[in-house]
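As a plain string of letters, each chain reads:
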Amino acid sequence: MTKRTRTDAPVRAPLTELENEVMRAVWDAGPCAVEAVHQAVSRQRRLKETSVRTILRRLEQKGYLRHEESGRAYVYRAAEPARRLAARAVRQIIDRLCKGSVEELVSGMVEAKVLSKGELDRLEEFVRDRRKGE
């Protein structure tokens, strides 16, 4: 099985469930002010806007968000797209639990029936298309 050397990408503190909801709101809306994030998150949770501000600051300290000033308001944007963050998290799992082997992870997922037949078919098609494009 193929092994890859560890990457030196920074390891961020994991997201809590609430932090993930706030990040999802920012990813979905794109750059947005606190009010927009509060409006999106408060559809599912009863939170004060000050609580959302605190969470946004915490996410910025953890490296998940960045902000710019627009007048007196902060406009927050994700430091990286959700897809890239997920890929880095999976890479860390592969490095830590699968001895750096992608095949070890994927074969384990197949054996544990984590992937459906349809997902396997789409993954196979994706890989085939990727190889054609190289």
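Above this text is the structure in question.
Quick summary incoming for the structure in this document. (Residues numbered from 1 in each chain as written. Predicted model: local features only at pLDDT ≥ 70, side-chain atom pairs only at ≥ 80, totals over all residues. Heavy atoms only, no water.)

### Considering the nonpolar core
Rules: Remark: nonpolar core denotes a set of buried residues (Ala, Val, Leu, Ile, Met, Phe, Trp, Tyr, Cys) joined through side-chain atoms within 4.5 Å. For the exposure calls, accessible area comes from a 1.4 Å probe over protein chains only, and a residue counts as buried if that area is under 20% of its type's maximum, exposed if over 50%, partly exposed in between. Secondary structure follows DSSP: runs of H or I at least 4 residues long count as helices, runs of E at least 2 residues long count as strands, and numbering of each begins at the N terminus. By the convention used here, residues are in contact when the closest approach between their heavy atoms is within 4.5 Å.
Core analysis: the largest hydrophobic core is formed by 18 residues, its most contacted members being Val22, Val37, Leu56, Leu59 and Leu65. Listed by contribution, the elements that provide at least two residues to this core are helix 1 (17-29), helix 2 (34-41) and helix 3 (49-62). A total of six residues in this core trace back to one element, the largest contributor, which is helix 1. The residues touching Leu56, leaving out its near neighbours within four places in the chain, are Val22, Val26, Val34, Val37, Leu65 and Tyr76.

### Brief notes about helix 1
Spelled out, the test is: In this analysis, the expected span of each helix is defined as 1.5 Å times one less than the number of residues it contains.
If you check helix 1, its first and last C-alpha atoms are 18 Å apart, about what 13 residues at 1.5 Å a residue would give, namely 18 Å. Restricting attention to buried positions, one finds in helix 1 the residues Leu18, Glu19, Val22, Met23, Ala25, Val26 and Trp27. Residues of helix 1 that are buried in the fold lie against strand 1 (32-33), helix 2, helix 3, strand 2 (65-70), strand 3 (73-78) and helix 4 (82-97). After helix 1 finishes, the residue Gly30 shows a positive phi value of roughly 80 degrees.

### Overview of the pattern of salt bridges
This is how it is decided: Salt bridges are defined by distance alone: a side-chain nitrogen of Lys or Arg within 4 Å of a carboxyl oxygen of Asp or Glu.
One pass over the full model with this rule turns up 12 salt bridges. With a closest N to O distance of 3.6 Å, Glu35 and Arg53 form a salt bridge. One end of the pair, Glu35, is in helix 2; the other, Arg53, is in helix 3, and 18 residues separate them in sequence. Residue Arg53 is classed as partly exposed on the basis of its relative accessible area, which comes to 33%. Residue Arg53 is joined to Glu49 by a salt bridge in which the shortest nitrogen-to-oxygen separation is 2.8 Å. One end of the pair, Arg53, and the other, Glu49, are both in helix 3, four residues apart, so they sit about a helical turn from each other. Beyond isolated ion pairs, a larger network of salt bridges with shared partners links Glu17, Glu21 and Arg45.

### Description of the side chain of Ser101
Short version of the rule: As used in this structure description, the phrase polar contact means that two N or O atoms lie within 3.5 Å; if the pair is within protein, one of them must be able to donate a hydrogen and the other to accept it, and residues adjacent in sequence are counted only when both atoms belong to side chains.
Turning to its location among the elements, Ser101 is positioned in the loop between helix 4 and helix 5 (102-111). A polar atom in the side chain of Ser101 sits 3.0 Å from the backbone nitrogen of Glu104.

### Considerations on the side chain of Glu19
Considering the arrangement of structural elements, one finds Glu19 in helix 1. Judged by relative accessible area, which is 1%, Glu19 ranks as buried. Here Glu19 is in contact with Pro14, Ile55, Arg58, Leu59 and Lys62, once residues within four sequence places are set aside.

### Observations regarding unusual backbone geometry
Unusually for a residue other than glycine, Lys99 sits at a positive phi of about 55 degrees. Locating Lys99 in the fold gives a position in the loop between helix 4 and helix 5. Even without a glycine there, the phi angle at Lys113 is positive, about 55 degrees. On the secondary structure map, Lys113 appears in the loop between helix 5 and helix 6 (117-133). Lys113 sits in the exposed class, given a relative accessible area of 71%.

Note that all results are geometric; they support no functional claim without further evidence.
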